[in-house]
Amino acid sequence: MSEEATGKVRIAMWSGPRNISTPLMRSWSSRPDTVVFDEPLYAHYLLHTGLPHPGKEEVIEAHETNWHKVVEVLTGEIPEGKSIFYQKHMAHHLLPHIERDWLDQLKHAFLIRDPEEMLTSLIRFTPNPRITDTGLPQQWDLFDRMAQRTGQTPPVIDARDVLESPRDVLETLCQALGVPFLESMLSWEPGPRPTDGIWGKFWYSSVEKSTGFRPYRPKNETVPDRLKEVHEEAQRIYIRLRRYSLRAR
């Protein structure tokens, strides 16, 4: 009997940086039937790229750097006897040399954010991001791969839509993924989680104070001129993905 027939499902949520991916992970972790995995390919990404992220050496020391072993966990028995395995991924962590066949064992969804809001946040940590640092090209490639292989449109959600209407968007997302929506997804206890990556102490201070999705507030910042080409390319891909968002359908 297939896992789908038994109600078991592995969900890969692909996001770019500076999004609401961690609050969304909190939302799923508040379900009693779900176990979460926080950025499972991050340590491998840091080891391979050598990028000077906060706590880089600590992350590499504490987390699995062999992508083959990571994939074994992602596609193996769902931990803790749960029925849903929610995997929070950064799309840019899926480096080109990582094989793709294992992805067919997961259900995929995509979390996007307006590039202007994302880039003006990202440059505080990565002053001169490349288009690949936004995760958007990787998101589109994954989206297109899964749409062609399954003949179905993978669910796409926009951060702004989630913040403006958490219940509606999460209900629609759950329906698209074939799992029931639970009220518990709308709130959670503050504080860190044992499932958070060790990098949480550098990145998650705001999330650790939260108890639910905070209302959307527009940013009044503009992307610097030096990033004009990156912004334009990011915007083109974002608009392409946005066309398939659950709110736009």
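To start, this report covers the structure provided alongside it. Residue positions are counted from 1 within each chain, in the order its sequence is given. Confidence filtering applies because this is a predicted model: local features only for residues at pLDDT of at least 70, side-chain atom pairs given and counted only at 80 or more, and all residues used for totals across whole chains, interfaces and linings. The basis for the side-chain values is all heavy atoms of the structure; hydrogens and waters are excluded.

1. Quick word on the sheet that holds strand S2 (residues 34-38)
Taking strand neighbours across the sheet as the criterion, the five strands line up as S2-S3-S1-S4-S5 in an open arrangement whose pairing is parallel. Looking at which strands have only one partner, the edges of the open sheet turn out to be S2 and strand S5 (156-158). Each adjacent strand pair in this sheet contributes to an overall mean axis angle of 20 degrees, direction not counted. Pairing of S2 with strand S3 (residues 84-90) involves five bridges; the strand directions are parallel. Following the sheet pairing, Phe37 is matched in S3 by Gln87. Of the strands in this sheet, strand S1 (9-15), S2, S3, strand S4 (107-112) and S5 are in contact with helix H1 (residues 21-29), which crosses S3 at around 175 degrees. The criterion used for residue contact is that any of the two residues' heavy atoms lie within 4.5 Å. Note on method: axes are straight lines fitted to C-alpha atoms, helices fitted across the in-contact stretch only, with angles between N-to-C directions ranging 0 to 180 degrees. Secondary structure elements follow DSSP: runs of H or I no shorter than four residues count as helices, runs of E no shorter than two count as strands, and numbering proceeds from the N terminus. The strands that helix H6 (residues 136-150) touches are S1, S4 and S5; relative to S4, the one it contacts most, it runs at about 145 degrees. Strand pairing is assigned whenever DSSP identifies at least 2 bridges connecting the two strands.

2. Details of the pairing of S4
For the exposure calls, accessible area comes from a 1.4 Å probe over protein chains only, and a residue counts as buried if that area is under 20% of its type's maximum, exposed if over 50%, partly exposed in between. For S4, a buried count of five out of six residues is recorded, marking the element as mostly surrounded by other parts of the structure. Where S1 meets S4, five bridges bridge the pair, whose relative direction is parallel. Along S4, the bridge assignment pairs Trp14 with Phe110. Bridge count between S4 and S5: three bridges; the pairing is parallel. Considered in S5, the bridge of Phe110 is made with Val156.

3. Looking at the packing of H1 against helix H8 (residues 166-177)
Packed helices, taken two at a time, are described by the angle their axes make and the gap between the axes. As a packed pair, H1 and H8 sit with axes 13 Å apart at the nearest point and diverge in direction by 70 degrees. Relative to H8, the element H1 lies roughly perpendicular. Between H1 and H8 lies a crossing whose hand is right-handed. Where H1 abuts H8, its residues Leu24, Ser27 and Trp28 lie against Leu170, Leu173, Cys174 and Leu177. Here the term charged refers only to Asp, Glu, Lys and Arg, the term nonpolar to Ala, Val, Leu, Ile, Met, Phe, Trp, Tyr, Cys and Pro, and the term polar to all other amino acids, Gly among them. Split into classes, the residues belonging to the contact of H1 with H8 amount to six nonpolar, one polar and no charged. Comment on the angle field: the value is read as roughly parallel under 35 degrees, roughly antiparallel over 145, roughly perpendicular from 65 to 115, and oblique elsewhere. Each crossing gets its handedness from the near helix: less than a right angle anticlockwise from the far helix is left-handed, clockwise is right-handed.

4. Focus: unusual backbone geometry
A positive phi is found at Glu39, a non-glycine position, where the angle reads about 45 degrees. Here Glu39 lies in the loop between S2 and helix H2 (42-49). In this structure, Glu80 is a non-glycine residue whose phi angle is positive, near 60 degrees. Take Glu80: it is sitting in the loop between helix H4 (67-75) and S3. Its relative accessible area of 62% is what places Glu80 among the exposed residues.

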